[in-house]
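# Examining the three-dimensional arrangement
Here's the letter readout for the chains.
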Amino acid sequence: MDYFPVGLKLSGQPVLIVGGGVIATRKARLLARAGAELWVMAPDVSDELASLISASDRVLIQEWDERSLDGFAAVVAATPSRPVNEAISRRARETFTPVNVVDDPDLCTFIIPAIVDRNPLIISVSSSGSSPVLARRIRSDIEARYPSGYAELSRYLGDRRGQVAEHLTTERERRYFWERLLDSNEFIDLVLTSNREAADALFEKVLSEGKSPRGAVYLIGAGPGDPELLTFKALRLLQQADIVLYDRLIGEGILELARRDADKIYVGKQRSEHAMPQSEINATLLSLAKSGKRVARLKGGDPFIFGRGGEEIEGLLTAGVDFEVVPGVTAASGAACYAGIPLTHRDHAQSVRFITGHTKDHQLDLPWQQLMNEQETLVFYMGLAGLAIITRELIRAGRRPDTPIAIIEKATRVDQRVISGTLASIQQVAEMEKPEAPTLLIIGGVVTLHSSLRWYSPQQN
Ligand code: SAH
């Protein structure tokens, strides 16, 4: 972080603006909204700036003088002269006065972000000076998303903090209450449309609805890696969770979307290195939920596709614990789309089959004869270790040795790789390319489309 965002309390504080032109006026307007006592130092000032100052009996100094920088809560330099700006910046640093030099990040000790003012809700967007236009674009998006009524909403909530604190004594109860209240679109609409009585009634109702939060488990499909493939529902529940259980298939980018103060527990699952046995995962989910926690269990891909999601909810069902299962983009869909390999295609495949290639004692017992349809795409999950067995058995059972196959490594992630070959050649190619987990095998005529369709994929490979 190049700049750490903080909020300065400027109400009644003297702030100096050096410069009297359009930009100085713009900054003065903002600072006036923060209640600052404006001082302006300039040979000449715009009419608006003059009225901003005189309206509240503020002082105008004509001459630029180094010593008169002292004693200000902040200084903003908006002069056209770099030497003057530099001198102001130097003097301000010497006296530890926060200084902003417009359009010159090197001379600043603070920068002024783009602001969405829904006071007391203030949203600020900054690009650390790298692109003010980008910051303003983002501000416009936020402005559209949070209309001016959000000022009223945040005031409404602020006014009731005391009442809620009296009623609910623990921090967790309070947080749960506020979340439930704000989950209610009806409540938000009532406040935004100034329907005060109905809003109050709903507020009281939610407040009276029991103090102790009920625990719950959210079994969330987190997709194959790219955080943008999360569903809205996955994101919402993830952000509500007090505790997040995750395994190796869950990338950093997804974990970062959880609440900062949520506990994050790694439950492992490397091939043949189970950090926490499945039975223990099930028991943990159950006991946490029973103690009133909301637990997000993040699963790679979709929880009900080779995810043991069914087992994890069985115990919850029996114990009567609330749970939700959120579907996710399974690795096959993610890999197929990002690699430009449609799983079905009029000319190549009318069906697709998801198969586990997980070997046990170096054996893989599959109904190979059922996998002979050339018009069906085969997708093997957990198939890399058994690659030699899979290709050998498919050929032995009658598949053509030149049947195309692709190994998709780390599908949808920034370092995704597609390694392709034929049933006869892929083993050798894989020995050279050494793909790393997680990998997915796609077999069938659709794989030939990779070379022509890959331009279409958002990733380069
Ligand atoms: N529930 C998951 C599958 C879990 S089984 C889903 O729906 O995707 C674990 C296997 O999924 C891995 O061995 C690998 O074959 C596959 N897999 C998961 N994420 C992957 C990724 N990003 N790229 C390639 N394969 C992946």
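Calculation criteria
- Residues numbered from 1 in each chain as written.
- Predicted model: local features only at pLDDT ≥ 70, side-chain atom pairs only at ≥ 80, totals over all residues.
- Heavy atoms only, no water.
- Near = heavy atom within 4 Å.
- Polar contact = N/O pair within 3.5 Å; in protein donor to acceptor, adjacent residues only side chain to side chain.
- Axes fitted to C-alpha atoms, helices over the stretch in contact; angles between N-to-C directions.
- Helix = DSSP H or I, 4+ residues; strand = E, 2+ residues; numbered from the N terminus.
- Parallel < 35°, antiparallel > 145°, perpendicular 65-115°, else oblique.
- Left-handed = near helix turned anticlockwise from the far one by under 90°.
- Contact = heavy atoms within 4.5 Å.
- Nonpolar A, V, L, I, M, F, W, Y, C, P; charged D, E, K, R; others polar.
- Salt bridge = Lys/Arg side-chain N within 4 Å of Asp/Glu carboxyl O.
- Buried < 20%, exposed > 50% of the residue type's maximum accessible area, 1.4 Å probe, protein only.
- Domains from an automatic or database assignment.
- Expected span 1.5 Å × (residues − 1).
- Arc of directions from axis to C-beta.

As a further point, take the site of the ligand. Neighbouring residues of the ligand: 18 residues in total, closest Asp302, Ile305, Thr330, Met382 and Thr439. Within the backbone of Pro224, an N or O atom sits 2.8 Å from a nitrogen atom of the ligand. Within the contact set of the ligand, a nitrogen atom lies 2.9 Å away from a backbone nitrogen or oxygen of Gly300.

What follows covers the packing of helix H12 (residues 278-290) against helix H13 (residues 309-319). Running from amino to carboxyl end, H12 crosses H13 at an angle of 40 degrees, the nearest separation of the two axes being 9 Å. As summarised for this structure, H12 and H13 are arranged oblique, according to the angle between their axes. Between H12 and H13 lies a crossing of right-handed hand. Where H12 abuts H13, its residues Gln278, Ile281, Asn282, Leu285, Leu286 and Lys290 lie against Glu311, Glu312, Gly315, Leu316 and Ala319. In terms of residue class, the contact of H12 with H13 is made up of 5 nonpolar, 3 polar and 3 charged.

Another aspect to go through is the pattern of salt bridges. On inspection of all chains with the given rule, the structure shows 33 salt bridges. A salt bridge links Arg294 to Asp242, with the nearest nitrogen and oxygen atoms 3.4 Å apart. Taken together, the positions of Arg294 in strand S11 (residues 294-299) and Asp242 in the loop between helix H10 (232-240) and strand S9 (243-246) put the pair 52 residues apart, joining distant regions of the chain. For Asp242, a relative accessible area of 6% corresponds to the buried category. Between Arg308 and Glu311 there is a salt bridge, with its nearest N and O atoms 3.0 Å apart. Salt bridges sharing common partners tie together Glu171, Arg172, Arg175, Glu179, Asp242, Arg259, Asp261 and Arg294.

As a further point, take the domain arrangement of the chain. We note that the domain assignment places domain 1 (14-112), domain 2 (150-208), domain 3 (216-329) and domain 4 (332-460) within the chain. Taking only C-alpha atoms, the centre of domain 1 and the centre of domain 4 are 65 Å apart.

The next point concerns helix H1 (residues 22-33). With 12 residues, H1 should cover 16 Å at 1.5 Å per step; its first-to-last C-alpha distance of 17 Å lies within 8% of that length. Looking at H1, one finds that the buried residues are Ala24, Thr25, Lys27, Ala28 and Leu31. Down the axis, H1 shows its buried residues gathered within 165 degrees of arc, on one side only. Relative to its buried face, H1 has exposed residues pointing more than 90 degrees away, namely Val22 and Arg33. Two residues or fewer after H1 comes Gly35, characterised by a positive phi angle close to 80 degrees.

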